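Examination of the molecular architecture
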Amino acid sequence: MDDTDGFREGSIRLGDGRTLAYAERGDPHGWPVLGCHGSPSSRLERHVEDAGAYRRWGVRFVVPDRPGFGRSDPHPGRRVKDWPADVRQLLDHLGIDRFSVLSLSGGAAYALACAHALDERVHAVGVLGGAPPPDVPWPWPRWLPERLREAVHRPSRAAALLQPAFAPLAVRPALIPRYLQLRLNPADRRVIGRPAVRRILGETFSEGLRNGPAALAEDRALLFRPWGFPLASVRQRVHVWHGTQDWQVPVALGQVLSAMLPDCSAHWLPGEGHFLVFDHADEVYAALRP
């Protein structure tokens, strides 16, 4: 599929036989930026209301569906550290050598895993509203059941416990933006209140959850298990953008993450929320280009 905004999508067969789906936007000859989508989300995720911005910036934005999301096959028993192997096969297929990587929310672990594993191929990393690994004490919300706190280091059990909780989201995922608009801070309500943003989020959430809540439950459970690599090994410059009024991933978690990275440029945006990228995308993508 191709349109005037440069949208293209496809899929590849991985070495173990699984299908990995992906989408691209922007300039096919531009600087590659690999998107590690949020949770839930999909290859349709983008961070601008006008998708033509990618072409104007000279960016080739490539977003694969993680296992079980969208049109990518599940990967039973996977770990966060397994994701770069899938990414390597996709980038080799697309003829991409050097690139930057950008994550939103729950994609942070996967972006940093790519930086660790793919090393010199990665120019820079961007993290939007990300949290640290569970190697440091987490400020658990009071409402989280004790049995779930005990189970999170055993992903199979945690995923089974989480799946019923996420099941309602998979029934009508297009309504998730309206739900977020009600529960997040005023800055996020303003951003999600824009029709184009609400439509973008609705489409990517719907596609991500097309197979039900299982992939989301597994993805969230994995984030609470050690990621399989030390953050101290991430040698690239990592840019962290975090709103001080992010109610989805509190800024304190972003501060812990930034402190654990050897080369981090932290951007704390006063009064901004979880979806700040829709108002700061030009700054974000400029930092990721050579």
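Since the model is a prediction, treat every value here as computed from it, not as a measurement.

What to know about the overall build of the protein
A tally of regular secondary structure across the protein gives 11 helices and eight strands. Here the protein, with 290 residues, has 57% of them falling under the buried criterion. Intrachain contacts of the protein at a sequence separation of at least 6 include 77% that bridge at least 24 residues. Accessible area for the protein stands at about 12,100 Å²; split by element, carbon and sulfur atoms hold 53% of it.

Some words on the sheet that holds strand β3 (residues 31-36)
Whether parallel or antiparallel, the strands of a sheet pair through hydrogen bonds between backbone atoms. Read from one edge to the other, the open sheet built from eight strands follows the order β1-β2-β4-β3-β5-β6-β7-β8, with strand pairing classed as mixed. The open sheet has two free edges, formed respectively by β1 (8-13) and β8 (264-269), since each of these has just one partner strand. Across the sheet, the mean angle from the axis of one strand to that of its neighbour is 20 degrees, orientation sign disregarded. Pairing analysis gives six bridges linking strand β7 (residues 237-243) to β8, with the strands arranged parallel. In the sheet register, Val-238 faces β8, and the bridge partner there is Cys-264. Each of β6 (122-128), β7 and β8 touches helix α10 (residues 251-260); the most contacted strand, β8, lies at about 165 degrees to it.

Overview of the confidence of the model for the protein
Per-chain confidence: the protein averages 88 in pLDDT, with 85% of residues scoring 70 or above. Note that residues 155-168 has pLDDT below 50 and, in this model, 26 contacts with residues that lie over four places away or in other chains.

Observations concerning helix α9 (residues 214-223)
Since the α-helix turns once every 3.6 residues, residues separated by three or four places project in the same direction. α9 sits mainly inside the fold: seven of its 10 residues count as buried. For α9, every residue scored as buried is listed here: Ala-215, Leu-216, Ala-217, Asp-219, Ala-221, Leu-222 and Leu-223.

A few points about the pattern of salt bridges
In total, this model carries 21 salt bridges according to the counting rule given. In this structure, Asp-16 and Arg-18 form a salt bridge, with 2.8 Å as the shortest nitrogen-oxygen distance. The residue Arg-18 makes a salt bridge to Asp-86 at a minimum N-O spacing of 2.9 Å. Of this pair, Arg-18 sits in the loop between β1 and β2 (19-26) while Asp-86 is found in helix α2 (residues 83-94), placing the two residues 68 residues apart along the sequence. Connected via shared salt-bridge partners are Glu-9, Arg-43, Asp-65, Arg-71, Glu-207 and Arg-210.

Thresholds applied
- Residue numbering note: each chain is counted from 1, following its sequence as written.
- Residue-level local features of this predicted model are given only where pLDDT is at least 70; pairs of side-chain atoms are given and counted only at 80 or more, and the full residue set underlies all totals for whole chains, interfaces and linings.
- For the side-chain quantities, the full set of heavy atoms in the structure was used; hydrogens and water were omitted.
- Elements are defined by DSSP. Helices are runs of H or I of four residues or more, strands are runs of E of two residues or more, and each kind is numbered from the N terminus.
- Summary of the burial criterion: residues with accessible area below 20% of their type's maximum are buried, those above 50% are exposed, and those between are partly exposed, where the area comes from a 1.4 Å probe applied to protein chains only.
- In this description, contact between two residues means that some pair of their heavy atoms is separated by no more than 4.5 Å.
- Where accessible areas are quoted, they stem from the Shrake-Rupley method and a 1.4 Å probe; at the residue level, only the protein chains shown are allowed to cover.
- Pairing between strands is defined by DSSP: at least two bridges between them are needed.
- Orientation is described by lines fitted to C-alpha atoms, with helices fitted over the stretch in contact, and by angles between N-to-C directions that extend from 0 to 180 degrees.
- Per residue, pLDDT captures the predictor's confidence, and it can take any value from 0 to 100.
- We define a salt bridge as a contact between a side-chain nitrogen of Lys or Arg and a carboxyl oxygen of Asp or Glu at a distance within 4 Å.

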